[in-house]
Amino acid sequence: MSRNEPVSIPDPEEAAVQAQNRDVVDPLIRAHIYSICTALGGASVEEDGRYTLGDDALACLKDLRRWLKLYDEKLNRYDVARCLSEMNLVGGDLLPIIAMWKEEDTMVKPIHRLTVACIELLTPLTWPFEKQNEQMTVNHHRHIPVLQHAQARYKTAILQHSSKKILKDIIRAALPAMAMPSYDRGARDEGIIKLVLYTLRNIAIIEHPEPGENEAGEEINRSATITAYAEQNVLDLLLTIASGIADDFRAHDTVVMEVLYHLIKGLDVEAIFRSDGEESEKRGNDLAQLLKREDDLKRAASRSSTRHNRFGSTIWMERTDGTRSFVSGQDALLTKDTGLEKLDKAKKWKKARGADKAGVSLKTEFDMTVSLTTGAKKHFRRFVEDFIDSGFNPLFESIRRAIDRDVERLLDSHVRQYFSLVAWLLEAERVRRRIAAKDRKKKGLPAEEDSWAVVSAVLNQQFLITLNRKMIEWFEMKQWTALQAGMRCFTQILYTVQEMALSPIEDDQEIAENIQNRLFYEETTMDLIYNICRSYTKQPFKWLDDCTEMAYVHLKLLEKYSQQHEHMFVRSRRRQSKKAKEKAAALGEAAEHEEDDSELVAASKSAAAERAFDFTKFEAKYLNQNCINTFIAFLTYYQELNATQIMRAIKMFHRISEKRKMEVLLYRLDLVNLLHRMMQGSAALDRKHPAYKEVDQFTKHFLRKLFKKLEAEPAMYVELLFTKLSSTTHYLQHGYTKELHVAKPRAAAELMIKPGSGVQSHSDQVGVGVAALLDDNKSSDVEWLKDVIRKAVTERKSFEDESAARLTLEAHGPSSEAAPSPTTAGTPPDILIDPRTDERARALFKDAVLRFLLKLVGCEPVEPNETPETKWLIPARHTSQTLAENLTLLQKFANDPPTFDNTAAADLLKRKLPSTTARTRRPVLSSDSSGSSADEEDEATGLFEPGGPTSVHAPQRSKGAKRKRRLVVEAEAANEELSALALEKRRKREEAERLKLSKIKSDKFVHDSDDNSDVEGDEMFYAREREIRSLGPQPVVRPEKLPLVRGGGSDGEEGDGDGEREAPTKRRKKVDKPEKEKKSIFNDDDSDDEGGRERERERESTIEPITRKTGAVIIYSSSDSEKEDVVMRDVSVVDEAEDADSESEEDKPVAARRRRAVVVDSDDE
């Protein structure tokens, strides 16, 4: 340098940047990497600038791979990758080496090994960066932005390479391994296939990090990627692997799915399957809309353009009350509404929200929209159709099984991608069928019957179970992005099932019916949809769109399905108590250590039960503010929504206000303002909008009802500002407060010892109760009970000693002759039991085992109808000695708990059934059906005691008795009036019957015969029975006052009014009688013969009646006709009905007129 030349002084900032760039990587590391890359090869002058390999190119490639693996991956740094990007290794060395591989050299091993080595470097260099912010270091923040731009250059070099066969050559590297059967492949072969697929996956993922005006990334966008994949046979490779995934490529299903996902995400299905004519028409409409919007903006700008538009403006607006408001800005001069809107925006209050640390509001890959060129659309449409026909079922069935098994190769992102792909492809299949049907209709061809079997892998029970399980898991963990994929998949399944139900193929209809049965059978699934709908807070717009669509479609199909099936049942989970939940948790822990989980299965079955489904009740769940907030938030994006989306929200509001008649929930100021802005605001809907008419009709109808409600109830003006509570909503809707029905708590069931368990004595029962409490870790309750009984013994013993001493003193006193007896000395007071703690007080009401033990030791509740506040006591009837014996038993079994032959003490207890009291059968004493019955008269006269009447069972009558009774009733109906004597007799008989029933009709006087057993009385009864049976048939005399059954003589004449039937009749066997007794006593002529009456009285004085107080039946026989009548009566009933005024219990003699009778014992058959 000469002295005259000026000396350049470097800028300090520029020098610092250069120094920092030099120091980002260790110079020694950079020197090593640079030297290896130089030795790899380069452009040769001798070969006219073509790439020439170095002497040991394969070794250099292996050294670079080791540097990447041992330095970058092991140390979690990107220094080597940064150096390789600076050396342009991919574009300058790897791609030329791969392009040198000719097709005829496919099976040449050296060149094949060199290509595989290049792919081994290309895969990690193009691997996507998925580091989280909390996991990133300074090294990551320094290198990742540079490497992202480097990856964009790598993809550009691969897709835009001059040879146009880089991807094809990469695929050729895996063909030898793919051609081998899966059982013959080694680890290296599987690794090569995996390397190729991961490289294709990485290339599909790479996008330009910061597209701008100078570098928009058009050469690596989605259209360029799909076109390159289609031209270089990548799409054909994916089809081949997907169709044979079950047999040959099971370990590569997730990689293939990733490649498909990154090709499909963000694409519009309608745009892919739109024809050229429809596409040009769509573009024309879009252009017209953009031009119209531009004209509106220019028109608005021209109206606001003045000579002062370059200056600020401040205007004031006068309100109706005379006050003024000031608004700044010239846009307030346009219209009055514009100024008011500007004023409202200035005073709008925005609720402060905390930082979104979880990233709920951040946009995800589901919010992106990607458009394709015409050529890319054609390629991709052909690929999608082929994939659905050949690869859909094998690929997604394999991945579904992998999800169920939770294999190691499966990541959380894979599950999300899986359901997202299923949703997109199901929609694509529906659109393809719709377009095909439209084309055939245009051509005049009949509709084609095409089965839905091509997507059957996701239309079965196993897939629905997996989807439901994952959605519940994501919802509980609040993984909203993954849940969005599940929502899309569930919605598309509903759409697909709806179209399958309309298919002309019967198999498709049956499958659709089965899927609907499964979808609408689980109540947990339906509740999950509702909970997702009401959980919206600040998720992105696409999440809100998918949420509202799923809830709307599910509710619509469920309503249609419930209307088609009159009797619909769902499986719901019972609400388990705290103890049941603890027991279920214990069973779950035990099942982890035991192979047999039968107890867990039984517990799960008992926790679920079927019940009838009511769509109205389920629909009512959506009638709350959270769900309405979700749809209102969705409708606020009305400028970005299409007609279908707008009508989704409007139809939901119509369902709430018109179908459910709960328009009060929609009386909100924010909804009124939203509808006003949609119809008359500055950004109102265009009148040519497809949904404008429906929205306008709903708005007018809704506001009309609102104004009527405001006039009727001025309080609604205030309620417009606030959220409606359930009680407030019911009052505003119906005008009265909703009544709350609180269930009355019930005490625990009473327990008893199981019969046949061998536990009979009182001490053994106490041992069972103590052991059951100790097994349940309730030793504190046992100690408390011992303390209670111990204090009770002391108190009762003191009272007894005091009473004895008082009696002794009174007996030796001056009034010893009038000393009271011990029974009148005084009754000890009841001893109240103090539970001491609230927990034990609840146990006294709900713990069945503790209650069982309390009753065994002599305790009982104060009131028979218990409540949680009912106290327990030790009654006065228990002496101190009895209580001391019970205390001894408690101490004995608490110190040494009994065992019961490998049987738990709780298993020896069972619920005690309510005791059944003995019933008495009411005899039929009258056949008169007119007037009120005896029961009604009894109720009117109040003959029953507070215990109430016992139920009376109708007696079992034989067919002959029913027929006989019908004949008698018909004969009585022929008489228009009864004689006064018959009425008097009937009155006396009914009075006697009421008197008798008043004594026996209450359950208090009826007991089981086993409770009042008398051995001596039984022996006397059986001896008397044997004596009577030995005598044989004896004649008896029937009293005249006994009402007789009306019987016809041989002449068929009717009897008089005295002959009334009062007991069921029964055909008897014929009995041979003397000829002189052939005349029947039921004949009317016999009753008018005075001489006959005298002879009867004489006979009555000579015949000794046979009477006994047994259950014998007296059969009166008649020989007037071949079909003789038989009257069966219980002697005891006859005795009581004979003399109603007499209350003596002595047997009454029964006399009969010229009759023979056979006494039949009740034991005879």
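Below or above, wherever it landed, is the structure these notes cover. (Residues numbered from 1 in each chain as written. Predicted model: local features only at pLDDT ≥ 70, side-chain atom pairs only at ≥ 80, totals over all residues. Heavy atoms only, no water.)

1. Digging into the overall build of the chain
A tally of regular secondary structure across the chain gives 44 helices and 14 strands. With 1165 residues in all, the chain has 40% of them scored as buried. A fraction of 75% describes how many contacts in the chain between residues 6 or more apart in sequence connect residues 24 or more apart. Summed over its atoms, the accessible surface of the chain is roughly 68,600 Å², and 50% of this surface lies on carbon and sulfur atoms. (Helix = DSSP H or I, 4+ residues; strand = E, 2+ residues; numbered from the N terminus. Buried < 20%, exposed > 50% of the residue type's maximum accessible area, 1.4 Å probe, protein only. Contact = heavy atoms within 4.5 Å. Areas by Shrake-Rupley, 256 points an atom, 1.4 Å probe, with all protein chains shown as cover.)

2. Quick word on the sheet that holds strand β10 (residues 872-874)
On the basis of which strands lie adjacent, the open sheet formed by three strands has the order β8-β10-β9 and antiparallel pairing. Here the strands that pair on one side only, and so sit at the sheet edges, are β8 (831-833) and β9 (860-861). Pairing geometry for β9 and β10, over two bridges, is antiparallel. When the bridges of β10 are listed, proline 861 appears paired with tryptophan 872. (Pairing = 2+ DSSP bridges.)

3. Points about the packing of aromatic side chains
Inspection of the entire model under this criterion finds 25 aromatic pairs. A centroid spacing of 5.3 Å and a plane angle of 45° characterise the contact between tryptophan 127 and tyrosine 198, whose relative ring orientation is tilted. Within this pair, whereas tryptophan 127 is found in the loop between α6 (109-125) and α7 (138-159), its partner tyrosine 198 is found in helix α9 (residues 187-205), the two being separated by 71 residues in sequence. Aromatic side chains tryptophan 480 and tryptophan 543 sit 5.6 Å apart centroid to centroid with 90° between the ring planes, which places their arrangement in the edge-to-face category. Pair noted here: tryptophan 480 is in helix α20 (residues 480-500) and tryptophan 543 is in helix α23 (residues 541-564), with a separation of 63 residues, a long-range link. Each member of the pair, tryptophan 480 as well as tryptophan 543, is classed as buried. Over the ring of tryptophan 101 we find arginine 172; its NZ or CZ atom is 4.3 Å from the centre of that ring. (Phe/Tyr/Trp six-rings, centres within 6.5 Å; stacked < 30°, edge-to-face > 60°. Lys NZ or Arg CZ within 6 Å of the ring centre and 35° of its normal.)

4. A closer look at the environment of glycine 191
Position of glycine 191 relative to the elements: it lies in helix α9. When its relative accessible area of 28% is taken as the criterion, glycine 191 is described as partly exposed. Spatially, the C-alpha atoms of glycine 191 and alanine 177 are 9.3 Å apart, while their sequence positions differ by 14 residues.

5. Some points on the pairing of strand β5 (residues 569-573)
In β5, alternate side chains face the same way, and those of Val570 and Ser572 are buried while those of Phe569, Arg571 and Arg573 on the opposite face are not. Pairing geometry for β5 and strand β6 (residues 608-612), over five bridges, is antiparallel. Looking at β6, one finds that arginine 571 is bridged to glutamate 610.

6. Looking at the side chain of arginine 185
Its place among the elements puts arginine 185 in the loop between α8 (166-179) and α9. Taking the relative accessible area as the measure of exposure, arginine 185 reaches 10% and is therefore buried. Polar contacts involving the side chain of arginine 185 include one to the main-chain carbonyl oxygen of alanine 177, which spans 3.1 Å. Excluding its chain neighbours within four sequence positions, the residues that come into contact with arginine 185 are Ala177, Met178, Met180, Glu190, Ile193, Asp248 and Phe249. (Polar contact = N/O pair within 3.5 Å; in protein donor to acceptor, adjacent residues only side chain to side chain.)

7. Here's the deal with the packing of helix α4 (residues 79-86) against α7
Interhelical geometry of α4 versus α7 gives an angle of 40° and a closest axis separation of 10 Å. Taken together, the axes of α4 and α7 lie oblique to each other. Every pair of crossing elements has a handedness; the one defined by α4 and α7 is left-handed. For the pair α4 and α7, contact is made by Asp79, Ala81, Arg82, Leu84 and Ser85 and by Asn139, Arg142, His143, Val146, Leu147, Ala150, Arg153 and Tyr154, respectively. Considering only residue class, the contact of α4 with α7 consists of six nonpolar, three polar and four charged. (Axes fitted to C-alpha atoms, helices over the stretch in contact; angles between N-to-C directions. Parallel < 35°, antiparallel > 145°, perpendicular 65-115°, else oblique. Left-handed = near helix turned anticlockwise from the far one by under 90°. Nonpolar A, V, L, I, M, F, W, Y, C, P; charged D, E, K, R; others polar.)

8. Here we look at helix α17 (residues 392-405)
Under the 1.5 Å per step criterion, the end-to-end length of α17 is 20 Å for 14 residues, consistent within 8% with the ideal 20 Å. Looking at α17, one finds that the buried residues are Phe392, Leu395, Phe396, Glu397, Ser398, Ile399, Arg400, Ala402 and Ile403. Close packing links the buried residues of α17 with α11 (234-243), α12 (253-264), α16 (374-390), α18 (412-442) and α19 (461-477). (Expected span 1.5 Å × (residues − 1).)

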